[in-house]
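# Architecture at a glance
Spelled out, the chains give:
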Amino acid sequence: SRAEQSRAEQSRAERVYLHFGGLCRRKGTLDILRAIDATAASALRGKIFVFAGCVYSDIKEEFDVLVHQIADKGISIKVYDYFCDYDFILHLVSMSHCVLIPYENTNQSSGVLGIAAQYGKMLFAPDKGLLGYLVNKYKLGYLYNTSNNRVEEIRRFIASDNICEIDGSAYTKENTTEHFLKVLLN
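This text gives an overview of the structure that appears in the document. (Residues numbered from 1 in each chain as written. Predicted model: local features only at pLDDT ≥ 70, side-chain atom pairs only at ≥ 80, totals over all residues. Heavy atoms only, no water.)

Look at helix α2 (residues 29-37) against helix α7 (residues 150-159): their axes get within 8 Å of each other, and the N-to-C directions meet at 55 degrees. Here α7 runs oblique to α2, going by the angle between their axes. In the packing of α2 onto α7, the handedness of the crossing is right-handed. On the side of α2, the interface is formed by Asp 31, Ile 32, Arg 34, Ala 35 and Ile 36, while α7 contributes Arg 150, Val 151, Ile 154, Arg 155 and Ile 158. (Axes fitted to C-alpha atoms, helices over the stretch in contact; angles between N-to-C directions. Helix = DSSP H or I, 4+ residues; strand = E, 2+ residues; numbered from the N terminus. Parallel < 35°, antiparallel > 145°, perpendicular 65-115°, else oblique. Left-handed = near helix turned anticlockwise from the far one by under 90°. Contact = heavy atoms within 4.5 Å.)

Turning to the pattern of salt bridges, a few remarks are in order. Using the criterion set out here, one finds 11 salt bridges in the structure. Of the charged contacts, one joins Asp 37 and Lys 73 as a salt bridge, the two residues approaching to 3.0 Å between their closest N and O atoms. A residue pair is termed long-range when its members are at least 10 positions apart, and Asp 37 in helix α2 and Lys 73 in the loop between α3 (60-72) and β3 (76-80) qualify at 36 residues. Of the charged contacts, one joins Glu 152 and Arg 155 as a salt bridge, the two residues approaching to 2.8 Å between their closest N and O atoms. With Glu 152 and Arg 155 both in helix α7, this residue pair falls 3 residues apart, about one helical turn. Given the relative accessible area of 28%, Glu 152 is considered partly exposed. By relative accessible area, Arg 155 is classed as partly exposed at 23%. (Salt bridge = Lys/Arg side-chain N within 4 Å of Asp/Glu carboxyl O. Buried < 20%, exposed > 50% of the residue type's maximum accessible area, 1.4 Å probe, protein only.)

Shown next as structure tokens:
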């Protein structure tokens, strides 16, 4: 099964970096791949990169080329290019060490924050906008400087061992469905 496959992959790895959802340009999908491709394979030994979700058609060709280049270097990369159900996403998050969200649109939140917080998984996120504010306020992970080159920021982070566990309980306590509805209806 898919869950057994990813569990087996994770058990062989020291670190799992996850990027999930609709895989597209605005979510930084290609920039993550470019960063992995630009990093020496020796710096990525013991790391698995997982991409889960439908790859948008406008990036599909470049996405596939980059994935093949990365795999040819011996870097561990796994792609689930289809709609992934909620249970499978939760499984992947539970098995990961870091969730990569180098989104271009930082002025809105993302359900990814809640899922990562629920499982105590660190986020790699931009330092600006609502997204940066929430990750900073609740100490949900590493914020990269959006004034710098995004590919280089991602490359530097994945080559490092700056992974840590986070305590997402404050975020999950304050950001319940009930709280959201109360704010929305007031």
